[in-house]
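Understanding the architecture of this molecule
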Amino acid sequence: MRRIHVGNALSAFGLGFTVPYLYVYVAQVRGLGAMTAGLVLAVFAVAALIVLPFAGRAIVRRGPLPVLLAALVTAALGALSLGLAGNAVAVLLSAAALGAGQAVMQPALATMIVDCSSADTRSRAFAMQFFLQNLGLGVGGLIGGHLVDTTRVSSFTLLFAIEAAMFLLLVVVMATVRMPHSPQMADAPSASAKGGWKQLLGNRAMVQLCVLGFVMFFACYGQFESGLSAYGVEAAGISTSALGTALAANTLMIVVAQFAVLKFVERRRRTRVIAGVGLIWAVAWLAAGYAGLGHGSQEMATAAFVSTYALFGLGEAMLSPTVAPLVADLAPEGMAGQYNSAFALVKQLALAVGPAVGGPLGASLHAPYIVTFLLFSLGITVLALRLGRRLTVAQDQPWAAARSSRVVARGETSAEPVAAEA
């Protein structure tokens, strides 16, 4: 598990080097224009959508580790070739390789966490993963920002080479891992991989969770760097430096609050925690509404806008030990890879649709934008409470199920001498 967490941190650190500067690199440094830069960002999403349906089946059949190693090598080749690419075709092909490899890493690493944890430790393991991912992205972006120079192509080539090196270093680290076999929950129905997507779609609770996940990612992550930032600049008059402060507040909230929040959520029903996140994000959208539609000073508008991103970070910290373990606990034995890939596919769809819808809406229709995503946040609360009616105690309250199992086990142990005496 320690090596898996190191892997998460290294991969996030490498991505942090390049992701914030990809548009500038393609459009300005390579001189390929805004259109090509936009296509590169679209290729990342398309590549993920193409490979993720096959990734789950491969993880089930081959195991998460071989799939992860293949994804890392593919991503390393894509990153290195992207740093050397000088024309549009080479840039797009390199971005496709990097996007595909990056997309497959997520469900592979998540499945490895499932296999190396128990129901008691899974929430804490996923919380640690999310903490290290954000820390790695933040540190990587900070260091990368001091290395880049838009007048020198070589500085960007160095960034992509560092990213490739991080992926290859992760190959070395992961190649030494010996995966244990961790059984799934006792009350999950057993099934083989042959059922595939048909079996997954027959799991009503998983389908409901995927719908809930799409709404969550669409209303939050899909707006960070598109609709919400456009709304902040156009409606609230937020400067680029204040926008950077807001993004930093989001990361800082996650890093500071993650483990304090973990103590609060791990003893509560998962669906109630998700419902609470919907309410927190509704307050965040109200703060954003005040920033752009209120009549306060510019300082008050900026403070409200930064608070929006901080509240989103609080909700993310609550979701990290909640949603991913729930996906794992809904999966039948041996099918965690398929379920993790399906949920990652839903996330990618939301991240593709979110900016396309939120960007134009946030830039021009300010009041409808706020109202729309306020309603989406309240929808998260409603959908979470409905999902809770379909889950078993072991799925929604694993700590309560584990406590009951221990009580039963102690009762059986104490009863054995009595039976022997009788």
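Residues numbered from 1 in each chain as written. Predicted model: local features only at pLDDT ≥ 70, side-chain atom pairs only at ≥ 80, totals over all residues. Heavy atoms only, no water.

1. Description of the overall build of the protein chain
Applied cut-off: What counts as a helix is a DSSP run of H or I of at least four residues, what counts as a strand is a run of E of at least two, and both are numbered from the N terminus. The classification of residues rests on relative accessible area computed with a 1.4 Å probe and restricted to protein chains. Under 20% of the type maximum is buried, over 50% is exposed, and intermediate values are partly exposed. What makes two residues a contact is simply this: any of their non-hydrogen atoms within 4.5 Å. Surface accessibility follows the Shrake-Rupley procedure with a 1.4 Å probe radius. Residue values consider only the protein chains on display as shielding.
Assigned secondary structure in the protein chain consists of 18 helices and zero strands. When burial is assessed residue by residue, the protein chain has 51% of its 422 residues classed as buried. Put simply, 86% of the contacts in the protein chain that link residues at least 6 apart link residues at least 24 apart. Summed over all atoms, the accessible surface of the protein chain reaches about 18,200 Å², with 67% contributed by carbon and sulfur.

2. Thoughts on the packing of helix H10 (residues 227-234) against helix H16 (residues 366-388)
Threshold: Only the stretch in contact is used when a helix axis is fitted, and all axes are lines through C-alpha atoms; the angle between N-to-C directions ranges over 0 to 180 degrees. Crossings are classed by handedness, with left-handed meaning an anticlockwise turn of the near helix from the far one by less than a right angle and right-handed meaning a clockwise turn. Following the grouping adopted for this structure description, the nonpolar residues are Ala, Val, Leu, Ile, Met, Phe, Trp, Tyr, Cys and Pro, the charged ones are Asp, Glu, Lys and Arg, and the polar ones are all others, Gly among them.
Running from N to C, H10 and H16 cross one another at 140 degrees; their axes reach a closest spacing of 11 Å. Along this stretch, H10 crosses H16, giving a crossing that reads as left-handed. Across the interface between the two elements, Gly-227, Leu-228, Tyr-231 and Glu-234 from H10 touch His-366, Tyr-369 and Ile-370 from H16. Looking at side-chain class alone, the contact of H10 with H16 contains four nonpolar, two polar and one charged residues.

3. Examining a positive patch on the surface
The criterion, for reference: Patch membership requires over 30% relative accessible area and the absence of a salt bridge. Like charges are linked within 9 Å, and nonpolar side chains (Val, Leu, Ile, Met, Phe, Trp, Tyr) within 5 Å. Note on definitions: salt bridges are taken to be side-chain nitrogens of Lys or Arg within 4 Å of carboxyl oxygens of Asp or Glu. The convention is simple: Lys and Arg are positive, Asp and Glu are negative, and His and the chain ends are not counted. For the purpose of locating charges, the reference atoms are NZ of Lys, CZ of Arg, CG of Asp and CD of Glu.
A cluster of like positive charges, contributed by Arg-204, Arg-386, Arg-389 and Arg-390, occupies part of the molecular surface. Checked against the element boundaries, Arg-389 lands in the loop between H16 and helix H17 (393-396). Classification of Arg-389 by relative accessible area gives exposed; the value is 69%.

4. With respect to the confidence of the model for the protein chain
Detail in the predicted coordinates should be disregarded across regions flagged by low pLDDT. Cut-off, in case you're wondering: For every residue, the pLDDT score states the predictor's confidence, bounded by 0 at the bottom and 100 at the top.
Within the protein chain, residue pLDDT values average 81, and 89% of them lie at 70 or more. Within the model, pLDDT remains below 50 along residues 182-194, and this stretch shows 31 contacts once partners closer than five positions in the same chain are excluded. Within the model, pLDDT remains below 50 along residues 413-422, and this stretch shows zero contacts once partners closer than five positions in the same chain are excluded.

5. Things to note about the pattern of salt bridges
According to the stated counting rule, one finds three salt bridges in the structure shown. In this structure, Arg-122 engages Asp-329 in a salt bridge whose closest nitrogen and oxygen atoms are separated by 2.8 Å. In this pair, Arg-122 sits in helix H6 (residues 122-147) while Asp-329 sits in helix H14 (residues 323-330), placing the two residues 207 residues apart along the sequence. Under the relative-accessibility criterion, Arg-122 is labelled buried at 3%. A salt bridge links Asp-396 to Arg-269, with the shortest nitrogen-to-oxygen separation between them at 2.9 Å. One end of the pair, Asp-396, is in helix H17; the other, Arg-269, is in the loop between helix H11 (240-265) and helix H12 (270-293), with 127 residues separating them in the sequence. Judged by its relative accessible area of 2%, Asp-396 is buried. What emerges from the salt-bridge pattern is a single network uniting Arg-122, Arg-270 and Asp-329.

6. Quick look at a nonpolar patch on the surface
Judged by side-chain polarity, Leu-135, Val-139, Leu-142, Ile-143, Leu-147 and Leu-158 come together as a nonpolar surface patch covering roughly 470 Å² of accessible area. Per-element accounting of the nonpolar patch gives the leading share, five residues, to H6. Within the secondary structure layout, Leu-142 lies in helix H6.

7. Topic: the nonpolar core
Operational definition: By convention a nonpolar core is built from buried Ala, Val, Leu, Ile, Met, Phe, Trp, Tyr and Cys residues, the set being connected through side-chain atoms within 4.5 Å.
Counting residues in each nonpolar core, the largest one holds 66 residues, and the members touching the most others are Met-206, Leu-209, Leu-228, Trp-281, Trp-285 and Phe-305. Elements represented by at least two residues in this core include exactly helix H9 (204-219), H10, H11, H12, helix H13 (298-319), H14, helix H15 (336-364) and H16. For this core, the element with the most residues is H12, which contributes eleven residues. Ignoring sequence-local partners within four residues, the contact set of Met-206 consists of Leu-200, Val-327, Leu-330, Tyr-339 and Phe-343. If you look at the next biggest cluster of nonpolar residues, it comprises 51 residues, including Phe-17, Val-26, Phe-156 and Ala-336.

8. Thoughts on the packing of aromatic side chains
Selection criterion: What counts as a ring pair is set by centres within 6.5 Å for rings of Phe, Tyr and Trp (its six-membered ring), and what kind of pair is set by the plane angle: stacked under 30 degrees, edge-to-face over 60, tilted for all other angles.
Considering all chains together, one arrives at 15 aromatic pairs under this definition. Aromatic ring contacts, followed pair by pair, group Phe-214, Phe-218, Tyr-231, Trp-281, Trp-285, Phe-312, Tyr-369, Phe-373 and Phe-376 into a single cluster.

9. Some thoughts on the packing of helix H1 (residues 2-18) against helix H7 (residues 153-175)
Formally: Should an angle fall under 35 degrees it is taken as roughly parallel, and over 145 as roughly antiparallel, whereas 65 to 115 is taken as roughly perpendicular and any remaining angle as oblique.
For the pair H1 and H7, the least separation of the axes is 8 Å and the interaxial angle reads 170 degrees. Classed by the angle they form, the pair H1 and H7 counts as roughly antiparallel. Facing H1, whose interface residues are Arg-3, Ile-4, Gly-7, Leu-10, Ser-11, Phe-13, Gly-14, Leu-15, Phe-17 and Thr-18, H7 presents Leu-159, Phe-160, Ile-162, Glu-163, Met-166, Phe-167, Leu-169, Leu-170, Val-173 and Met-174. Residue composition of the contact of H1 with H7, by class: 14 nonpolar, four polar and two charged.

10. With respect to the side chain of Arg-270
Relative to the assigned elements, Arg-270 resides in helix H12. By relative accessible area, Arg-270 is classed as buried at 4%. Leaving out residues up to four positions away in the same chain, Arg-270 has contacts with Ser-123, Thr-322, Pro-325, Leu-326, Asp-329, Gln-395, Asp-396 and Pro-398.

11. Let's talk about the side chain of Thr-381
Locating Thr-381 in the fold gives a position in helix H16. Apart from residues lying up to four places away in sequence, Thr-381 is in contact with Ala-275, Gly-278 and Leu-279.

12. Concerning the environment of Ala-242
Along the polypeptide, Ala-242 turns up in helix H11. Owing to a relative accessible area of 10%, Ala-242 belongs among the buried residues under this scheme. Along the sequence, Ala-242 and Phe-305 sit 63 residues apart, while their C-alpha atoms lie 8.7 Å from each other. When residues no more than four places from it in sequence are discounted, the contact partners of Ala-242 are Thr-302 and Val-306.

13. Structural notes on the environment of Ala-161
On the secondary structure map, Ala-161 appears in helix H7. Sequence separation between Ala-161 and Gly-14 is 147 residues, and the spatial gap between their C-alpha atoms is 9.5 Å.

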